[in-house]
Amino acid sequence: MRKFRGKMGLGILLACTVALGGCGQSAQTGTEGTEQTQTVELYPTKQIEYVVPYSAGGGVDLVARAAADYLSKEWGQPIVVVNKAGGGGTVGAEYALKQARPDGYTVLATNNSNTSMLAGGMTNPEIKIEDNTFVAKLGEGTLAFVVKGDAPWKDFREFSEWVQQNPEQLTWTSVGPAGFSAFGVAEWLKAIGVDMQKTRMIVTKGASDSLPKVAGGHAVLAVHTVGEAHAMAASGKVRIIAVSGTARSEFLPDVPTAQEQGVDGLTVKWWTGISVPNGTPESIRAQWEAAVKKMVNDSAFQQKLREIQVEPVFAGSEDFTNEINKETEYYTKLATERGFRK
Amino acid sequence: MESLQLLLSGFAEAITPINLLMAAVGALIGTFVGVLPGLGPTSAIAILLPVTTVLEPTQGIIMLAGIYYGAMYGGSTTAILLNIPGEVSSVPTCLDGYPLAKKGRGGPALGITAIASFVAGTLGVIGLVSFAPLLADEALRFGPPEYFALMVLALTVMVSLSGDSIIKAFVMGAFGFGLAMIGLGPSSAMARFTYGSSNLTAGLEMTSIIIGLFAITEVLKGIEERRMRISVGNLGSVYPKANDLKRSAPAMFRGGVIGFFLGLLPGCSAAVTSFLAYDAEKRFSKTPEKFGKGAIEGVAAPEAANNATSSAGFIPLFALGIPSSPPLAILLAGLMIYGLTPGPVLFEQNSQFVWTLIASMFIGNIMLLILNLPLVWLWVKLTHIPYGIMAPIIFMFCTIGAYTVRNNLFDVLVALIFGVLGYIFHKYRWPVVPLILCFILGPLMEESFLQSMSMSAGDPRIFVERPISLAILLASAILLVISIKLVRRTNKRVKDETEHKFNVA
Amino acid sequence: MIKKIAADQIGGLISILMGIFCCMEAYRLHLLKGGGIVGDDTLPAIIGAVLIVLGSLLLFMRGRKQHAVQFPPKGVLLKMLLCMVFMFAQCLLIPLLGYLLSTLFVSWGLFRVIGGYAWLRSAIYAILLTAGLYLIFIKWLQITFPAGVFF
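Counting restarts for each chain: residues are numbered from 1 in the order of the written sequence. A letter from A marks each chain and a number from 1 marks each ligand, given out in the order of writing. For a predicted model such as this one, the threshold for reporting local features is a pLDDT of at least 70, and the threshold for listing and counting side-chain atom pairs is 80 or more; totals across whole chains, interfaces and linings nevertheless cover every residue.

## Observations regarding the overall build of chain C
A run of DSSP states H or I qualifies as a helix once it reaches four residues; a run of E qualifies as a strand once it reaches two. Both are numbered from the N-terminal end. When you go through chain C residue by residue, the secondary structure sums to 5 helices and 2 strands. Starting at the N terminus, the α and β elements of chain C follow one another as β-α-α-β-α-α-α. Two residues qualify as being in contact provided that their C-beta atoms, derived from the backbone, are within 7 Å of each other. For chain C, restricting intrachain contacts to residue pairs at least 6 apart in sequence, the fraction spanning at least 24 positions comes to 64%.

What follows is the structure, encoded as structure tokens:
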């Protein structure tokens with residue numbers, strides 16, 4: 001008896017929910033219909049997920065948040081930054097590039113660590129460069145070589161000479177063998193002719209973990225972006241003895257480049273951009289590219305990036321893809337040559 | 001005493017009506033979000049960060065400070081009333097808070113929580129003003145070997161959380177260690193225990209394990225007991241009795257001091273210090289057998305430590321730009337969105353702002369005390385809702401709480417599996433707290449061990465050659481012996497008193 | 001229904017098995033690692049050894065008192081089982097039906113099973129709960145759940 005009543009109740013409620021669900025559904029199909037017929041004019045029509053494969057608060061995340069803020073205003077649809085951290089950036093990337101539908105409503109924040117460095121440092125990474133359709137680059141960061149505040153070396157040249165003589169005394173920090181710092185250090189050691197295997201890597205969780213270690217004298221060198229190292233350097237606890245690249249960082253006009261100090265060929269650079277899964281409609285990709293271009297040229301947005309010590313630099317889909325491919329090739333060669341490719 | 005002056009002017013700045021309003025609104029929203037099971041301060045700030053960006057920097061940050069403290073308090077509320085810790089640091093609060101709530105003394109427990117937070121917050125501000133720059137320097141002397149020694153010290157806590165069998169506690173601890181190893185290895189980023197699953201590569205998330213072992217298991221226990229509501233007794237006055245206050249005052253002070261000094265070390269989060277404070281309190285207590293069954297000191301000490309650690313965390317954050325805990329990292333993101341880079345630059349260029357913020361943190365604390373003591377009855381009412389309604393709601397919150405940390409359904413699955421495991425552990429008396437403790441400490445310990453080994457090129461003598469590390473290791477050995485003696489004594493006393501044994505965890 | 005079983009011994013056995021499992025993984029990692037004394041394989045090996053030793057202690061130590069483990073009556077156990085089935089179902093249904101529908105169904109079932117309310121009353125509670133969750137989490141806090149495949 002009771003069971004019977006139960007079944008009836010189930011039937012009624014099922015009917016109710018189907019009807020209810022049906023209502024909501026028809027409205028949704030409506031928008032999807034218009035989307036299909038007039039994709040070009042009508043994108044986006046709903047909330048966009050902007051997947052950041054790292055936890056909140058890092059450089060990639062802050063740039064993504066600034067961009068999401070700008071573009072939601074621009075397009076009048078909410079763009080929600082979703083942090084899916086873990087696995088060195090592969091988990092979020094896998095979600096955005098492989099699991100999500102390629103309908104333009106899921107985009108991924110990329111940077112070196114989940115693209116070129118992953119491909120360069122590992123023989124069989126979870127996420128390959130080809131899984132991305134790169135949309136645009138948003139910003140860059142210069143590499144800073146950081147030593148203890150009262151370290152005995154006057155400049156980068158002296159430091160490099162010391163390392164040449166005492167490679168086994170050099171300890172440097174990195175998030176892992178295929179981490180950002182590892183490539184920066186490998187390139188520099190190659191330039192000054194030191195065997196990387198003689199030096200020792202101390203694995204840390206990132207800048208907030210490694211800089212105090214350098215400041216406390218527990219590691220000799222840390223390589224981070226200017227944005228990450230800036231605050232500690234200002235305290236005098238650590239010293240930035242050189243920046244990579246050919247030009248001085250606009251945020252540290254007093255710090256000479258490595259090139260100025262006689263070490264040539266340091267090119268590793270941090271950057272962040274946007275990619276979408278393969279199969280995303282071409283018109284949507286183009287719309288993103290155009291919007292990002294406008295955004296990166298907007299002075300308010302530029303100001304926002306400068307506040308977090310990221311240089312606003314735009315590169316469109318084609319240039320961006322070429323840059324990444326070149327970078328991947330270079331990193332693969334570097335990692336193989338220096339013996340840290342896994 | 002220059003800092004005192006700056007602090008006073010900070011107060012003057014913070015006590016404008018609009019800023020006070022922001023602190024109040026933040027504290028309320030934070031408490032509300034924190035009360036939702038599974039959502040602790042980290043998630044609360046992360047989720048609410050975009051909401052505050054519409055405000056002016058000062059107001060926005062003050063509101064964030066309110067949210068931060070509110071969410072911490074809210075997390076403790078659910079820990080006490082529902083046995084669902086919002087964050088790892090609230091786990092020790094559950095141990096005695098929930099038994100108190102079951103006894104119908106949820107009111108005083110919540111009252112003490114608010115007061116302990118306030119006392120510790122005050123201690124924290126005093127510490128901040130007196131020796132902020134000095135301590136930031138000292139903290140830097142802690143390198144990997146010292147951290148390793150510190151983790152060993154924290155591990156000794158496990159013994160006193162062990163319940164009736166030390167061996168079982170250690171097995172659970174080792175199991176927790178093992179669980180924490182799932183994912184990419186710290187030194188060469190090799191995948192461990194992952195078997196090709198990308199979800200496992202990311203590792204298990206602490207929050208989902210806690211939700212499973214505490215919240216879901218608790219609901220299952222509730223169904224088993226055919227519970228009608230969580231607490232049937234009288235809720236008791238919110239305002240703690242003089243006796244409760246007298247018993248908790250030294251606990252608050254000790255917890256606050258432990259929390260503050262350890263909180264200065266980057267990476268030593270409230271999760272670690274609240275456990276240490278709970279353990280210390282148990283060791284100091286004349287009646288350690290009461291712990292785990294509703295000792296009010298057992299609520300006061302970890303709550304004070306939790307709050308003091310958070311205050312102390314501002315020292316490395318402001319002086320060096322290093323966030324020492326996940327909620328602070330997100331707060332840092334908040335500061336950066338407002339274009340303020342923490343670090344000494346902020347101290348020099350925006351010192352007014354920093355002290356306003358410190359003052360508003362303090363005000364946020366007071367606000368919490370004023371707003372929440374009268375509101376406690378509302379939360380306590382939760383425990384009077386029929387269980388048939390409350391349990392499904394808790395279940396649904398568990399899903400959301402586990403999901404939102406990483407926006408991943410896999411975490412929900414993990415929470416459910418640990419819910420079932422937690423019930424089995426409960427039945428066969430395997431204590432779960434050592435598992436959680438080791439799950440937190442494991443990665444920290446492994447990392448500092450490997451870092452130390454890189455520093456010394458593989459020579460283990462590094463741990464005993466450095467004075468600070470040696471001292472901590474010696475202290476750990478002594479504490480270990482004392483703990484084991486204490487556990488024996490406690491078990492004996494419990495036996496004498498009640499004839500049969502209780503399960504501590 | 002009081003059963004006296006050597007539960008701790010079984011626990012010890014499981015612990016030993018897990019220990020062996022850890023050691024195997026450590027060995028696999030050790031082969032992959034190549035050079036160096038310590039690395040990612042060190043801790044798995046230590047933990048494996050600890051689990052084996054502690055497990056053996058539990059398994060072979062005599063004179064340990066056993067606790068009587070009392071399980072709830074069958075009806076209640078079934079209820080608990082059903083709840084967990086519902087919860088697992090929700091986790092699996094979200095990618096198919098979307099968050100709202102699966103929550104509605106599952107909470108309906110949970111109210112019915114745990115509270116023992118009539119189907120209709122449970123349904124009303126379920127609708128209220130789902131609506132509340134929708135307003136707080138999806139509308140206000142903007143949490144994104146995977147969209148359902150079928151809808």
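## Topic: the confidence of the model for chain A
Detailed conclusions should not be drawn from predicted coordinates in areas where pLDDT is low. Residue-level confidence of the predictor is summarised by pLDDT, bounded by 0 at the bottom and 100 at the top. Confidence along chain A averages 82 in pLDDT terms, with 87% of residues attaining 70 or more. This model gives residues 1-40 of chain A a pLDDT under 50, and the stretch forms 19 contacts once residues within four places in sequence are excluded.

## Brief notes about the sheet that holds strand β10 (residues 270-277) of chain A
Residue and element names in this part refer to chain A. By the convention used here, strands pair only if DSSP detects at least 2 bridges between them. Taken together, 6 strands build an open sheet; the order of strands is β2-β1-β3-β10-β4-β11 and the sheet is mixed. With one partner strand each, in any of the chains shown, β2 (79-83) and β11 (311-315) form the two edges of the open sheet. Averaged over all neighbouring strand pairs, the angle between strand axes comes to 25°, with direction disregarded. Strand direction decides the pairing type here: strand β1 (residues 48-52) and strand β3 (residues 106-111), joined by 3 bridges, are parallel. Across the sheet, the residue bridging to Y50 is V107, located in β3. In this analysis an axis means a line fitted to C-alpha atoms, helices contributing only their contacting stretch, and an angle means the value between N-to-C directions, from 0 to 180 degrees.

## Topic: the domain arrangement of chain A
Residues and elements named next belong to chain A. Domain boundaries shown here were taken from an automatic or database domain assignment. For chain A, the domain assignment lists domain 1 (48-141 + 269-337) and domain 2 (143-243). The distance between the C-alpha centroids of domain 1 and domain 2 comes to 27 Å. In this assembly, 16 residues from domain 1 lie in contact with 12 residues from domain 2. Put simply, the parts of the chain that give the side of domain 1 that touches domain 2 at least two residues each are α4 (116-121) and α11 (317-337).

## Let's talk about the UniProt feature "transmembrane region" (unreviewed entry) in chain C
Residue and element names in this part refer to chain C. UniProt positions are given in the numbering used here, feature names are shortened, and annotations may be inferred rather than shown by experiment. Using the residue numbers shown here, the UniProt feature "transmembrane region" (unreviewed entry) corresponds to residues 12-30, 42-60, 81-111 and 117-137. Between the C-alpha atoms that bound residues 42-60 the distance is 27 Å, and the span itself is 100% helix and 0% strand. Summarising residues 81-111: 97% helix, 0% strand, and an end-to-end C-alpha distance of 14 Å.

## What to know about the interface of chain C and chain B
Between chain C and chain B, the residue contacts involve 52 residues of the former and 45 residues of the latter. At the level of elements, α1 (7-33), α2 (42-60), α3 (74-97), α4 (99-115) and α5 (119-140) of chain C are the ones that each hand at least two residues to the side of chain C that touches chain B. Examining the composition of the side of chain C that touches chain B, we find that 11 residues originate from one element, α3(C), more than from any other. Residue composition of the side of chain C that touches chain B, grouped by class: 37 nonpolar, 11 polar and 4 charged. Each residue gets one label: Ala, Val, Leu, Ile, Met, Phe, Trp, Tyr, Cys and Pro are nonpolar, Asp, Glu, Lys and Arg are charged, and the others, such as Gly, are polar.

## Points about the pairing of strand β8 (residues 221-225) of chain A
Residue and element names in this part refer to chain A. In this scheme the burial state of a residue depends on its C-beta neighbours within 10 Å: 20 or more other such atoms mean buried, 12 or fewer mean exposed, and anything in between means partly exposed; the C-beta positions come from the backbone. Most of β8 is tucked away: 5 of the 5 residues are buried. Both strand β5 (residues 143-148) and β8 contribute to a ladder of 4 bridges, which runs antiparallel. Along β8, the bridge assignment pairs L143 with T225. Across 2 bridges, the pairing between strand β6 (residues 171-174) and β8 is parallel. Residue pairing for β8: T173 is matched across the bridge by A222.

## Let's talk about helix α11 (residues 206-224) of chain B
Residue and element names in this part refer to chain B. Any helix carries an expected span of 1.5 Å times its number of residues minus one. Taking 1.5 Å of rise per residue, the 19 residues of α11 would be expected to cover 27 Å, and the 26 Å separating its terminal C-alpha atoms lies within 8% of that figure. We define the bend at each residue as the angle formed by axes fitted to the 7 residues ending at it and the 7 residues starting at it. The largest bend along α11 measures about 30° and falls at G212. Counting buried residues in α11 gives 16 out of 19 residues, a clear majority hidden from the surface. R226 occupies a position one or two residues after α11 and carries a positive phi of about 50°.

## Topic: the confidence of the model for chain C
Residue and element names in this part refer to chain C. Residues at a pLDDT of 70 or more form 87% of chain C, whose mean pLDDT is 84. Between residues 1-5, whose pLDDT stays under 50, and residues either more than four places distant or in other chains, the model counts 8 contacts. Here the predicted complex carries an ipTM of 0.90, next to a pTM of 0.79.

## Focus: the nonpolar core
Here is a general trend for soluble globular proteins: nonpolar side chains tend to be buried in one another's company. A:Y50, A:V146, A:L221 and B:I45 are the most contacted members of the largest nonpolar core, which has 321 residues in total. Here this core takes 15 residues from helix α4 (residues 57-82) of chain B, the largest share from any one element. Not counting residues within four places of it along the chain, the set of residues in contact with A:L221 comprises A:F145, A:V146, A:V147, A:L170, A:W172 and A:V214. Linking buried Ala, Val, Leu, Ile, Met, Phe, Trp, Tyr and Cys residues through C-beta atoms within 7 Å yields a set, and such a set is a nonpolar core.

## A word on the environment of A:T225
All names here are of chain A. Mapped onto the elements, T225 comes out in strand β8. Classification of T225 by C-beta neighbours within 10 Å gives buried; the count is 24. Here the alpha-carbon distance between T225 and Q169, two residues 56 residues apart in the chain, equals 24 Å. If we skip the residues at most four places from it in the chain, T225 touches G59, G141, T142, L143, A144 and W270.

## Side note on the sheet that holds β5(A)
By definition, the strands of a sheet pair up through backbone hydrogen bonds, in either a parallel or an antiparallel sense. Residue and element names in this part refer to chain A. The 5 strands are arranged β7-β6-β8-β5-β9 in an open sheet whose pairing can be described as mixed. Each of the sheet's edge strands pairs with one partner strand only, and the pair in question is β7 (200-203) and β9 (238-243). Shown here is a sheet whose adjacent strand axes are inclined to one another by a mean of 35°, direction ignored.

## Looking at helix α9 (residues 282-296) of chain A
Residues and elements named next belong to chain A. The first and last C-alpha atoms of α9 sit 21 Å apart over 15 residues, in line with the 21 Å expected at 1.5 Å per residue. Along α9, the residues classified as buried are I284, R285, W288, E289, V292, M295 and V296. Along the axis of α9, the buried residues cluster in a sector spanning 140°; they form a single face. Of the exposed residues in α9, those oriented more than 90 degrees away from the buried face are E282 and A290. Looking at the packing, one finds that the buried side of α9 touches α2 (59-75), β4 (132-141), β10, α10 (299-307), β11 and α11. Directions are taken from the helix axis to each C-beta atom, and the arc is the one they span.

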